[in-house]
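Residues per chain, in single letters:
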Amino acid sequence: MRSIFHPSTAQEAVRLRHEIDDSVYFAGGTEIMRLGSSISSPALIDISGLPISGIREDDGYVVIGAMTTLEEICTSGIVPGFIKDAAAAAASLQLRNAATIGGNFALRRDDSFMIPALLAAEADVMLMCSEGLKRKSAAEYFGKKECRALLLSFIIEEGRNGRYRRVARSSHSHAAVTAAVSNGTYSYAISGSGIAFGDQHDVWKEIEIKDDLTGSADYKRYLSSVLLEG
Ligand SMILES: Cc1cc2nc3c(=O)[nH]c(=O)nc-3n(C[C@H](O)[C@H](O)[C@H](O)COP(=O)(O)OP(=O)(O)OC[C@H]3O[C@@H](n4cnc5c(N)ncnc54)[C@H](O)[C@@H]3O)c2cc1C
């Protein structure tokens, strides 16, 4: 049996997250509700009523609300192309229509659609913490194993160029390797193994690469070495 809470402000959502043991934010719900989900928390804090969705321009930056769906990102006229490519990696329209950028980033999956692109873009995140609003780099947020702050938005330089590559057995399969580069920042997510980012094209070597369902360690090493070539 699960309980669901409907906070009316971001501050209230964060307070609930701190007060209720084993609670999670409920965004698109595509991970929380899927069969075999990694999340079994009994308390869901529904953030769909908060004004944290939509995409806007702000003084040379593109600001993407955390509740913005991957489909809204794909069809935006102002989001940089490689960030749109990352959102389009979620192959079905049904998934893109529900899954949010905030939920995808917060999950820290090593076959993540968005994480490599957002790290390569050197995006910042706006957070609501128990102490109030904070702006951090996405890398800093990502570096913390667990964070009870609520992601409010992602801030990306307008017109930022980059490339995004994802290799999977089929468009609907989990990715073996996902990689992105932008302005000399490289980022790799390797299934079953981990995520690395930095200013070296071979930063993927920091990851202890393992065999899994998506392919052997050797296969993933090869993909990592060639995906961002050229
Ligand atoms: C068929 C299928 C295939 C999938 N394949 C992939 C895949 O290949 N790669 C992949 O990365 N994901 C995959 N997913 C998982 C999921 O759909 C996506 O990661 C999605 O983007 C999660 O977003 P959501 O809004 O649905 O998150 P939810 O399920 O609502 O929440 C997921 C987690 O994110 C946290 N969260 C949500 N919003 C915020 C916020 N604003 N601030 C802080 N924390 C927050 C929640 O607390 C929860 O822990 C798949 C799911 C399905 C059903």
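Remember, it's a predicted structure, so these values are computed and weren't measured experimentally.

J.: What is the right way to look at the site of the ligand in this model?
T.: In the vicinity of the ligand, 30 residues are found, and the nearest of them are Ala-27, Gly-28, Gly-29, Thr-30 and Thr-100. Between the ligand and Gly-28 there is a distance of 2.8 Å, counted from an oxygen atom to a backbone nitrogen or oxygen. Contact between the ligand and Gly-29: an oxygen atom at 2.8 Å from a main-chain N or O atom of the residue. Those elements giving two or more residues to the shell around the ligand turn out to be strand E2 (23-26), helix H5 (101-107) and strand E8 (150-157). Sorting elements by how many residues they give to the shell around the ligand places H5 first, with five residues. For the shell around the ligand, the class distribution of residues is 16 nonpolar, nine polar and five charged.

J.: Sorry if this is basic, but what is going on with the packing of aromatic side chains here?
T.: Aromatic ring pairs are described here by two measures, namely the spacing of the ring centres and the angle between the planes. Inspection of every chain in the model, using the stated rule, returns four aromatic pairs. Between Phe-105 and Phe-142, the aromatic rings sit 6.2 Å apart at their centres with planes inclined by 55°, giving tilted as the arrangement. Note that Phe-105 is positioned in helix H5 and Phe-142 in helix H7 (residues 138-143), a separation of 37 residues in sequence. You'll find Phe-105 and Phe-142 in the same group, each marked buried. Their ring planes at 75° and their centres at 6.4 Å tell us that Phe-142 and Phe-197 sit as a pair that is edge-to-face. Highlighted residues: Phe-142 in helix H7 and Phe-197 in strand E12 (residues 194-198), separated in sequence by 55 residues. Taking relative accessible area as the criterion, Phe-197 reaches 31% and is therefore assigned partly exposed. Three or more aromatic residues joined by ring pairs make a cluster, and in this case those are Phe-105, Tyr-141, Phe-142, Phe-154 and Phe-197. Lying over the aromatic face of Tyr-25, Arg-17 brings its terminal NZ or CZ to 5.9 Å of the ring centre.

J.: Help me understand the side chain of Ser-112 in this model?
T.: Of note, Ser-112 is situated in the loop between H5 and helix H6 (115-120). A relative accessible area of 2% means that Ser-112 is categorised as buried. Polar side-chain contacts of Ser-112 include one of 2.9 Å to the side chain of Asn-104. Excluding anything up to four places from it in sequence, Ser-112 contacts Asn-104, Tyr-164 and Thr-178.

J.: Can you help me understand the sheet that holds strand E1 (residues 3-5) in this one?
T.: Sheet strands pair by backbone hydrogen bonding; their relative direction is either parallel or antiparallel. Reading across from one edge, E1-E3-E2 is the order of the three strands in this open sheet, with parallel pairing throughout. On the outer flanks of this sheet lie E1 and E2, each paired with one strand and no other. In this sheet, neighbouring strand axes are inclined to one another by 30° on average, regardless of whether the strands run parallel or antiparallel. Across the sheet, helix H1 (residues 10-19) touches E1, E2 and strand E3 (43-46), and the angle it forms with E2 is around 150°.

J.: How do you make sense of the side chain of Ser-182 when you look at a structure like this?
T.: Structurally, Ser-182 is set in strand E10 (residues 175-182). Within the structure, the side chain of Ser-182 is placed 2.6 Å from the side chain of Arg-160, a separation counted as a polar contact. Setting aside residues no more than four positions away along its own chain, Ser-182 makes contact with Phe-82, Ala-120, Ala-121, Arg-160, Asn-161 and Gly-162.

J.: I tried to follow H1 on my own but got confused; where do I start?
T.: In an α-helix, one turn spans 3.6 residues; hence positions three or four apart end up facing the same way. Considered for burial, the residues of H1 that qualify are Ala-10, Ala-13, Val-14, Leu-16 and Arg-17. Buried residues of H1, seen end-on, are gathered within an arc of 160° and therefore sit on one face of the element. At its buried positions, H1 is contacted by E1, E2, E3, strand E6 (124-129) and E8.

Thresholds, definitions, all that
Residues numbered from 1 in each chain as written. Predicted model: local features only at pLDDT ≥ 70, side-chain atom pairs only at ≥ 80, totals over all residues. Heavy atoms only, no water. Near = heavy atom within 4 Å. Polar contact = N/O pair within 3.5 Å; in protein donor to acceptor, adjacent residues only side chain to side chain. Helix = DSSP H or I, 4+ residues; strand = E, 2+ residues; numbered from the N terminus. Nonpolar A, V, L, I, M, F, W, Y, C, P; charged D, E, K, R; others polar. Phe/Tyr/Trp six-rings, centres within 6.5 Å; stacked < 30°, edge-to-face > 60°. Buried < 20%, exposed > 50% of the residue type's maximum accessible area, 1.4 Å probe, protein only. Lys NZ or Arg CZ within 6 Å of the ring centre and 35° of its normal. Contact = heavy atoms within 4.5 Å. Pairing = 2+ DSSP bridges. Axes fitted to C-alpha atoms, helices over the stretch in contact; angles between N-to-C directions. Arc of directions from axis to C-beta.

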